[in-house]
Amino acid sequence: MKGFREFFDPMKGKKAGLVLMLSFFLVSTWALAQQNAPAAPVAAPVAAAPTAAPAAPAAPAISAGDTAWVLVSAALVLLMTPGLAFFYAGMVRKKNVLATIMQSFFMIALISVQWVIFGYSLAFGDGTPWFGGLKWFLLNHMPDVSPLAPTIPHLAYMIFQAMFAIITPALICGAFAERVKFTGFVLFSLLWATFIYDPVCHWVWSPNGYFSTLGALDFAGGTVVHMTAGYSALALALLLGTRKGYGKEVMAPHNLTLVLLGASLLWFGWFGFNAGSACAANGLACNAFVTTNTATAMAALSWCLIEFIHHGKATTLGAASGAVAGLVAITPACGFVNVGGSLWIGALVSLFCYLAIQVKIKLGYDDSLDAFGVHGVGGTFGAIATGIWAVKAVNGHDGLLAGNPGQLWIQIQTVLATMIFSFLGTVILFFIVEKTIGFRVSAKEEELGLDLSQHGEEGYHI
């Protein structure tokens, strides 16, 4: 694996002299057409009026309670990105702590703007089963409510989904921590959000998306968020090569207190991520809340048990990693499984993710903070597990164990498509970035540390 990058020697040595300018030209007009229906003539009194036709069912009214819950959930999901920043920052060396936090923090700014200009339209607007359109460019021409959340204003649903779009590219940062240029990271993230995240989001969650119409189940982002990020992370870890000194120098986490703080904030914010995806303050949100907490707790316990059996000690890093793995795996399933299913998902995901990390060590590729090992593997297991443990009593869908093997096959198809598209799409985007402004820092900059080489600052002055 260490020689993988050398295969791409022609891309080395380029100067990052290309200045990128993103120009969005808007010429939009707003036309309002109003038709006044002619007044109905006054009917003469009759002895017996004919029976009136039944009125069409009224559209669901906007609920203040549902709207408040979704807005609070959006804020909780936003908190997850700083939580992720601390979680990742604690695991890198101290010379890279600020750069690692900055990568997550910058995604809040970059993707917030991308989402309202065209990202939301590409993900949820009208289009083909594979890619949304630009009808809602700059959020124009959106209906008052989304069919996916009929009891809240459309803007509330849009901003809730924006928080998912923000954290997903930030998850990938764990794979290439400590060795990429900030400019290359920014360009890649913008391209990735537009050409990887938005299409997969459309496939799975848009009403006319291919896998949505097929019947794929992904309550809060197992495929859309964690698999896209995880398999893209694997591609970048292979393409970028290992960090300088990897396998020879000690690269231990510099601050495990930050790791636990970040994991705790992720656990807290994840209730908005999962329970908020009910888009209503109802029983389904309660089920998602309870199954999320149960699976997360079970995964933390099982990871610690695995470590104790393997090494004789349960570590704080392991407990935090297990909790995050549990959060990842229950995400697609939380609105479709009951508590029993969530316990199985939490118990098994730690085993699969732990094994994936051991395989990484054996193969020698440098997924710095195990973005693939946790999000790719955990997201894949969670998506498949949804097709195994789903029960109709929770949300109208049965899985394999409830007598519906067809649902498992749909889940597998969705997993395979997401895996292949995310990996190959990332390879293409990597080449684009590397051949224009460059992606990886020089050996000298890497040795100095990204805090100083990319931002001219230091995280600690002690």
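Further up the page is the structure itself.
All values derive from a computational prediction rather than experimental measurement.

Description of the overall build of the protein chain
Part 1: In terms of helices and strands, the protein chain carries 15 helices and zero strands.
Part 2: Taking as baseline every contact in the protein chain between residues at least 6 positions apart, the subset at least 24 positions apart corresponds to 79%.
Part 3: Accessible surface, the protein chain: about 20200 Å² in total, of which carbon and sulfur atoms supply 70%.

A closer look at helix α3 (residues 154-172)
Part 1: With 19 residues, α3 should cover 27 Å at 1.5 Å per step; its first-to-last C-alpha distance of 29 Å lies within 8% of that length.
Part 2: With respect to burial, α3 is a largely interior element, 17 of its 19 residues being buried.

Some words on the pattern of salt bridges
Part 1: Counted according to the given criterion, the structure contains nine salt bridges.
Part 2: Taking the shortest distance from any N to any O, the salt bridge between Arg93 and Glu249 comes out at 4.0 Å. In this pair, Arg93 is assigned in the loop between α1 (64-91) and α2 (97-124) and Glu249 in the loop between α6 (222-240) and α7 (256-275), connecting sequence segments 156 residues apart.
Part 3: With relative accessibility at 14%, the residue Arg93 sits in the buried group.
Part 4: In this structure, Glu178 engages Arg243 in a salt bridge whose closest nitrogen and oxygen atoms are separated by 2.5 Å. With Glu178 in the loop between α3 and α4 (182-205) and Arg243 in the loop between α6 and α7, the pair connects residues that are 65 residues apart, well separated along the chain. In this structure, Glu178 and Arg243 share a single accessibility class: buried.
Part 5: Residues joined in a network through salt bridges with shared partners are Arg93, Glu178, Arg179, Arg243, Glu249 and Asp366.

Brief notes about unusual backbone geometry
Part 1: Positioned with a positive phi, His141 is a non-glycine residue whose angle comes to about 65 degrees.
Part 2: By the secondary structure assignment, His141 is in the loop between α2 and α3.
Part 3: The exposure class assigned to His141 is partly exposed, which follows from its relative accessible area of 40%.
Part 4: We note that Asp370 has phi near 60 degrees; this positive angle belongs to a residue other than glycine.

Observations regarding helix α9 (residues 316-330)
Part 1: Helix length check: α9 (15 residues) gives 21 Å between terminal C-alpha atoms against 21 Å at 1.5 Å per residue, within 8%.
Part 2: The set of residues buried in α9 consists of Gly318, Ala320, Ser321, Gly322, Ala323, Val324, Ala325, Gly326, Leu327, Val328, Ala329 and Ile330.
Part 3: In this structure, the buried residues of α9 make contact with α1, α6, α7, α8 (283-311), α10 (339-363) and α11 (371-389).

Digging into the packing of aromatic side chains
Part 1: Under the counting rule described, the total for this entry stands at 30 aromatic pairs.
Part 2: Between the aromatic rings of Phe164 and Phe273, the centroid separation amounts to 4.3 Å while the plane-to-plane angle is 15 degrees, which identifies the pairing as stacked. In this pair, Phe164 sits in helix α3 while Phe273 sits in helix α7, placing the two residues 109 residues apart along the sequence.
Part 3: Classification of Phe164 by relative accessible area gives buried; the value is 0%.
Part 4: With centroids separated by 4.0 Å and ring planes inclined at 0 degrees, the aromatic side chains of Phe271 and Phe289 adopt a geometry described as stacked. Within this pair, whereas Phe271 is found in helix α7, its partner Phe289 is found in helix α8, the two being separated by 18 residues in sequence.
Part 5: One aromatic cluster is present, formed by Phe106, Phe176, Phe182, Phe185, Phe188, Phe430, Phe431 and Phe439 through successive ring pairs.

With respect to the environment of Phe188
Part 1: Positionally, Phe188 belongs in helix α4.
Part 2: For the pair Phe188 and Thr426, spaced 238 residues apart in sequence, the C-alpha to C-alpha distance is 8.9 Å.

Describing the nonpolar core
Part 1: In this structure, Phe87, Tyr88, Trp115, Phe124, Tyr197 and Ile345 are the most contacted members of the largest nonpolar core, which totals 127 residues.
Part 2: Here the element with the most residues in this core is α4; it accounts for 16 residues.
Part 3: Beyond its immediate chain neighbours, meaning those up to four positions away, Ile345 contacts Ala329, Ile330, Ala333, Val337, Phe381, Ala385 and Trp389.

Concerning the packing of α7 against α9
Part 1: Axis separation between α7 and α9 bottoms out at 10 Å; the angle between their running directions is 15 degrees. Taken together, the axes of α7 and α9 lie roughly parallel to each other. Seen from above, α7 lies across α9 with left-handed handedness. Only Thr316, Leu317, Ala320, Ala323, Val324, Leu327, Val328 and Ile330 of α9 make contact with α7, whose side of the interface consists of Leu256, Val259, Leu260, Ala263, Leu266, Trp267, Trp270 and Asn274.

About the thresholds
The written sequence of each chain sets the order in which its residues are numbered from 1. Under the rules for a predicted model, residues below a pLDDT of 70 receive no local features and side-chain atom pairs below 80 are neither given nor counted, while totals for whole chains, interfaces and linings still include all residues. Side-chain measures here rest on the full set of heavy atoms in the structure, leaving out hydrogens and waters. Here a helix means four or more residues in a row that DSSP labels H or I, a strand means two or more in a row labelled E, and each is numbered from the N terminus. Contacts between residues were defined by any pair of non-hydrogen atoms, one from each residue, lying within 4.5 Å. Only the protein chains shown count as covering a residue, and every accessible area follows the Shrake-Rupley method with a 1.4 Å probe. The span expected for a helix works out to 1.5 Å for each residue beyond the first. Under the scheme applied here, a residue whose accessible area is under 20% of the maximum for its type counts as buried, over 50% as exposed, and between as partly exposed, the area being computed with a 1.4 Å probe on protein chains only. By definition, a salt bridge exists where a carboxyl oxygen of Asp or Glu is found within 4 Å of a side-chain nitrogen of Lys or Arg. Within 6.5 Å between ring centres, the rings of Phe, Tyr and Trp (the latter by its six-membered ring) count as paired, and their orientation is classed by plane angle as stacked under 30 degrees, edge-to-face over 60, tilted in between. In these notes, a set of buried Ala, Val, Leu, Ile, Met, Phe, Trp, Tyr and Cys residues joined through side-chain atoms within 4.5 Å is what counts as a nonpolar core. Every axis in this analysis is a line fitted to C-alpha atoms, fitted for helices over the stretch in contact. Angles between the N-to-C directions lie between 0 and 180 degrees. Any angle that falls under 35 degrees is termed roughly parallel, while one over 145 is termed roughly antiparallel, one within 65 to 115 roughly perpendicular, and all others oblique. Whether a crossing is left-handed or right-handed is set by the direction in which the near helix is turned from the far one by less than a right angle, anticlockwise for left-handed and clockwise for right-handed.

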